[in-house]
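# Architecture at a glance
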Amino acid sequence: MGFRVYAKRLALPCLLLLACVLRPAIAGQPDDVLRLGGYELGRGLALGDSGFTLGGYATARAEDTDRADPRAAFSHLSLMLWWQGSGRFRFFTEADLEDAFATRRPRVEDERFLALERFYGDYAFSDAITVRAGKFLTPIGRWNQIHADPLVWTTSRPLVTDAVFPGTATGAMLFGTLPIADREVEYAVFQALGTEWRRKPAEDPFSEARGLRLNVPLDSALQIGLSLAGFEQEGRRDERKHLFGLDFMWRRAGRELSGEAVYRDSSEGAEQVEKGGFLQAVMPLGGRLYGVGRIESLRVAGSGAASRIAVLGLNYRYARAISLKAEWLRGSRLPDGVSQGVLASVSVLF
Amino acid sequence: MRLAIVLRAAAMLLFCWHGAGHADSGDGIAVIVARNAHGGTVDRRELAAIFKRKKHFWPDGTRIAPVNLPAGDPLRRAFSGAVLRNTPEELDDYWRDQYFHGELPPYVVASQEAMIRFVSATPGAIGYVSSCLLDRRVSEVMRLDDGPPCPRQAATP
């Protein structure tokens, strides 16, 4: 048995041991806000009184998975720039330099690429009605809309948030907050026009789409969401798909339980149906160290049985804006691009 | 005549004792806007929406500028618990998520005096102070009962 096999088997116990060793050292540390003069890490840099704010995030990632050589990459350098004056107009853009550096690039997704993640203008008629035009994150589910590495608990992304629908849409969206029965209900209605701006090489974008999302806070800790969409993609314009999704998020005192479930049918018949979901739990282990567990299932179109994945990991929040993660991923019937093994990353929100 | 003086003195003592007893208990939190700004009042649900940046505009169309005290300030903690039902630390994840969409948490000022000065001088601003510190520079639009003792009285030995 080679060294690498031993290393993989020992990775998780070593991480848990590290957690136990670190726990007393880091418990109860006070302020986790890093400041430099007036700048606070993770809160963006206001460009004078211009109304512009510059921010973003960066991620370095390492993976050692089955049937592949270890790989390290500077996977994201994302810059966000937005303008907000005292009026009703707002502008936002995000560009992401993906895999600027990588020790190897086995798939087209691993090529260096400057992605235009978002580019849109908002005009707020009121708190209940804002119009957005441009390229934006598809408002389906919860993860897709806050997918930045420093904001999520694991280096890997649940399949169901990535494989079933395109992550961005170019078109128009109407969204807002409605006070209903003593709750602030958020809604979004979108229409994609089928001309994706700066399409990613590995993505099959919408050729046409429309959808609706609702997010309802049930109390200060629990929110539930509903997503509905009908769409076609560039790859097969004659195949009409309908998506139904449910999600929830519960947060209290550092604990978190969240999940998403999606069912997507197809005009091509039952063989092309995709369905799945994930359930994720986060527990504070002491101080800034958190344990994360996730189970996933996804039946992709054309496959007889569902892929199943279990993720067990640690997330050490060195500061509010800096996150160190390591996780162990196991699964069965894994789709292309997903392998069992160990993944780790360091990400900074700036 | 003597009886009247004695009764008057007793009444004053009783009044002072009652007043002192009242000062020892928790003071109210006054939610404030600039004097004569916007008019009307806000309710607790609207206030939560404002301080979570879900409500952006006053009825006259002015953009709302919510203002907070530092996270460790007892009044901020009382306000956060009463209105947002979470501690400032529990809201950290919320604000990290909002930042990804270009939404920043409310501006923070260092003290209650700074809060009054900022709110009185900034169009659309809304903040909060101990009700005992209210003065003519600002208008009260809501009163919350569950604040810490007035800092002016707490500072008195």
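Everything quoted here is computed from the prediction, not taken from an experiment.

Basis of the calculations
Residues numbered from 1 in each chain as written. Chains lettered and ligands numbered in written order. Predicted model: local features only at pLDDT ≥ 70, side-chain atom pairs only at ≥ 80, totals over all residues. Heavy atoms only, no water. pLDDT = per-residue confidence, 0-100. Helix = DSSP H or I, 4+ residues; strand = E, 2+ residues; numbered from the N terminus. Contact = heavy atoms within 4.5 Å. Buried area = accessible area lost by both parts, 1.4 Å probe. Salt bridge = Lys/Arg side-chain N within 4 Å of Asp/Glu carboxyl O. Polar contact = N/O pair within 3.5 Å; in protein donor to acceptor, adjacent residues only side chain to side chain. Nonpolar A, V, L, I, M, F, W, Y, C, P; charged D, E, K, R; others polar. Buried < 20%, exposed > 50% of the residue type's maximum accessible area, 1.4 Å probe, protein only. Pairing = 2+ DSSP bridges. Axes fitted to C-alpha atoms, helices over the stretch in contact; angles between N-to-C directions. 1 Å grid on protein atoms, 1.4 Å probe; cavity = no way out; pocket = protein on both sides within 12 Å on 5 of 7 lines; lining within 4 Å. Points joined across faces, edges and corners; volume = space filled by probe spheres on them. Disulfide = S-S within 2.5 Å. Phe/Tyr/Trp six-rings, centres within 6.5 Å; stacked < 30°, edge-to-face > 60°. Lys NZ or Arg CZ within 6 Å of the ring centre and 35° of its normal.

## A closer look at the confidence of the model for chain A
Residue and element names in this part refer to chain A. Per-residue confidence for chain A gives a mean pLDDT of 90; residues scoring 70 or more make up 91%. In the model of chain A, helix 1 (residues 3–26) stands out as the element of lowest mean pLDDT, 52, in contrast to strand 8 (residues 130–137), which has the highest, 98. Residue range residues 24–30 is modelled with pLDDT below 50. Its contacts to residues more than four positions away, or to other chains, number nine contacts.

## Thoughts on the interface of chain B and chain A
Listed per partner, the contact involves 25 residues of chain B and 43 residues of chain A. Area buried by chain B at its contact with chain A is led by Arg96(B), Tyr99(B) and Phe100(B), which between them contribute 32% of it. A salt bridge links Asp93(B) to Arg317(A); its shortest N-O distance comes to 2.7 Å. Our count for the chain B to chain A interface comes out at 20 residue pairs in polar contact (both at pLDDT 80 or more). The set of elements that each furnish at least two residues to the side of chain B that touches chain A consists of helix 2 (44–51) and helix 4 (92–99) of chain B. The biggest single contributor to the side of chain B that touches chain A is helix 4 of chain B, with seven residues. Classifying every residue of the side of chain B that touches chain A gives nine nonpolar, five polar and eleven charged.

## Focus on the pattern of salt bridges
Considering all chains together, one arrives at 38 salt bridges over all chains under this definition. Its salt-bridge partner being Glu94(A), residue Arg118(A) comes within 2.9 Å of it at the nearest N-O pair. Of this pair, Arg118(A) sits in strand 7 (residues 113–124) while Glu94(A) sits in strand 6 (residues 89–102); the two residues are 24 residues apart in sequence, bridging distant segments of the chain. Across the pair, Glu94(A) and Arg118(A) agree in class, each one buried. With its nearest N and O atoms 3.1 Å apart, the salt bridge here joins Arg294(A) to Glu296(A). The pair Arg294(A) / Glu296(A) is uniform in exposure class, with both members buried. Three or more residues are tied together by salt bridges with common partners; here these are Arg35(A), Glu40(A), Arg43(A), Arg320(A) and Asp92(B).

## Quick notes on the sheet that holds strand 4 (residues 125–130) of chain B
Residue and element names in this part refer to chain B. Reading across the sheet, the five strands line up as 3-2-4-1-5 and stay open at both edges, with mixed pairing between neighbours. Edge strands, defined here as strands with exactly one partner in the open sheet, are strand 3 (107–108) and strand 5 (138–144). Alignment of strand 1 (residues 29–34) against strand 5, held across six bridges, turns out to be antiparallel. When the bridges of strand 5 are listed, Ala-30 appears paired with Arg-143. Docked against the sheet, helix 2 engages strand 1, strand 2 (65–68), strand 4 and strand 5, running at close to 115° with respect to strand 4. Sheet contacts for helix 5 (residues 112–121): strand 1, strand 2, strand 3, strand 4 and strand 5; angle to strand 4, the most-contacted strand, approximately 150°.

## What about empty space enclosed by the protein?
Residue and element names in this part refer to chain A. Inspection of the entire model under this criterion finds two cavities of 30 Å³ or more. What lines the largest cavity is a set of 15 residues, among which Trp-143, Ile-146, Met-249, Glu-256 and Ser-258 lie closest to the centre. For the lining of the largest cavity, the secondary-structure elements that each account for two or more residues are strand 13 (236–252), strand 14 (255–266) and strand 15 (274–286). In terms of residues, the lining of the largest cavity owes the most to one element, strand 14, which gives four residues. Grouping the amino acids of the lining of the largest cavity by side-chain chemistry returns eight nonpolar, three polar and four charged. In this model, the second largest cavity occupies a volume close to 40 Å³.

## Quick look at the environment of Gly48(A)
Among the structural elements, Gly48(A) can be located in the loop between strand 3 (45–46) and strand 4 (52–65). Accessibility expressed as a relative area gives 58% for Gly48(A), which makes it exposed.

## Some details on the state of the cysteines
Residue and element names in this part refer to chain B. Tallied over the full model, the rule gives one disulfide over all chains. Across a sulfur-sulfur distance of 1.8 Å, Cys-132 and Cys-150 are joined as a disulfide pair. Looking along the S-S bond of the Cys-132-Cys-150 disulfide, the torsion reads about 90°, which is the right-handed sense. Of this pair, Cys-132 sits in the loop between strand 4 and strand 5 while Cys-150 sits in the loop between strand 5 and helix 6 (151–154), and the two are 18 residues apart along the sequence. We classify Cys-132 as partly exposed; its relative accessible area is 22%.

## Topic: helix 4 of chain B
Summarising burial for helix 4 of chain B: eight of the eight residues are buried, a large majority. Within helix 4 of chain B, the full set of buried residues consists of Asp92(B), Asp93(B), Tyr94(B), Trp95(B), Arg96(B), Asp97(B), Gln98(B) and Tyr99(B). Summarising the contacts, the buried residues of helix 4 of chain B are in contact with strand 4, strand 5 (71–84), strand 13, strand 17 (307–319) and strand 19 (341–349) of chain A together with helix 2 of chain B.

## Some points on the packing of aromatic side chains
A ring pair, where both rings are aromatic, is described by two values, the distance of the centres and the angle of the planes. Per the counting criterion, the structure on display carries 17 aromatic pairs over all chains. With a centroid separation of 5.8 Å and 15° between ring planes, the pair formed by Trp82(A) and Phe92(A) is classed as stacked. You can see Trp82(A) sitting in strand 5 and its partner Phe92(A) sitting in strand 6, a full ten residues away along the chain. One exposure class covers both Trp82(A) and Phe92(A), and it is buried. With a centroid separation of 5.0 Å and 70° between ring planes, the pair formed by Tyr123(A) and Phe125(A) is classed as edge-to-face. Owing to a relative accessible area of 38%, Tyr123(A) belongs among the partly exposed residues under this scheme. Counting every residue linked through ring pairs, the aromatic cluster contains Trp82(A), Phe92(A), Tyr120(A) and Tyr99(B). The ring centre of Phe57(B) lies 4.4 Å from the NZ or CZ of Arg88(A), which sits over that ring. Here Arg317(A) stacks its cationic end above the ring of Tyr290(A), 5.8 Å away from the centre of that ring.

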